[in-house]
Amino acid sequence: MSDTRLQTLEEKVAELLKTTDELSDVIARQEREIAVLTHRVQMLMSREGERDAQGGGGIVLGDERPPHY
């Protein structure tokens, strides 16, 4: 194999390794963000469940009749 071809292959491998490392960092960051967002959604669902249990929904959804009828 010629030196030029070997050097070209080494450069491509180095670029691929760099890209792989960058993508790995992105995936790790997204995993942390998803965990935080999942926790927040669970908190909101729990809070809304407590609100429904107390009967204080107060929001008219779809074809529900408002309480003053």
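Coordinates for the structure precede this section.
Here the structure is a predicted model, which is why all the values come from computation and not from measurement.

Asks: Even after reading the chapter, I still don't get the overall build of the protein chain, so can you show me in this structure?
Replies: Across its full length, the protein chain holds 1 helix and 0 strands. The buried share of the protein chain, reckoned over its 69 residues, is 0%. Summed over all atoms, the accessible surface of the protein chain reaches about 6,700 Å², with 57% contributed by carbon and sulfur.

Asks: What's the story with the pattern of salt bridges in this structure? I'm lost.
Replies: Pairing is possible between side chains of opposite charge, provided their charged atoms come close. On inspection of all chains with the given rule, the structure shows 3 salt bridges. Among the salt bridges present, the one from K18 reaches E22, with a minimum N-O distance of 3.9 Å. Pair noted here: K18 and E22 are both in helix α1 (residues 3-54), with a separation of 4 residues, about one helical turn. Between E33 and R29 there is a salt bridge, and its shortest N-O distance comes to 3.1 Å. One end of the pair is E33 and the other is R29, both in helix α1 and 4 residues apart, which spans about a single turn.

Asks: I tried to follow α1 on my own but got confused; where do I start?
Replies: Because the α-helix completes a turn every 3.6 residues, residues three or four places apart line up on one side. The terminal C-alpha atoms of α1, which comprises 52 residues, lie 76 Å apart, in line with the 76 Å expected from a rise of 1.5 Å per residue. Once α1 ends, the next one or two residues include G55, with phi positive near 80°.

Asks: For this particular structure, what's the right way to read a nonpolar patch on the surface?
Replies: Where nonpolar side chains cluster on the molecular surface, the patch consists of M1, L6 and L9 and spans about 310 Å² of accessible area. Within the fold, L9 resides in helix α1. On the accessibility criterion, L9 (34% relative accessible area) is partly exposed.

Conventions used here
- Residues numbered from 1 in each chain as written.
- Predicted model: local features only at pLDDT ≥ 70, side-chain atom pairs only at ≥ 80, totals over all residues.
- Heavy atoms only, no water.
- Helix = DSSP H or I, 4+ residues; strand = E, 2+ residues; numbered from the N terminus.
- Buried < 20%, exposed > 50% of the residue type's maximum accessible area, 1.4 Å probe, protein only.
- Areas by Shrake-Rupley, 256 points an atom, 1.4 Å probe, with all protein chains shown as cover.
- Salt bridge = Lys/Arg side-chain N within 4 Å of Asp/Glu carboxyl O.
- Expected span 1.5 Å × (residues − 1).
- Patch = residues over 30% accessible without salt bridge, like charges linked within 9 Å, V, L, I, M, F, W, Y side chains within 5 Å.

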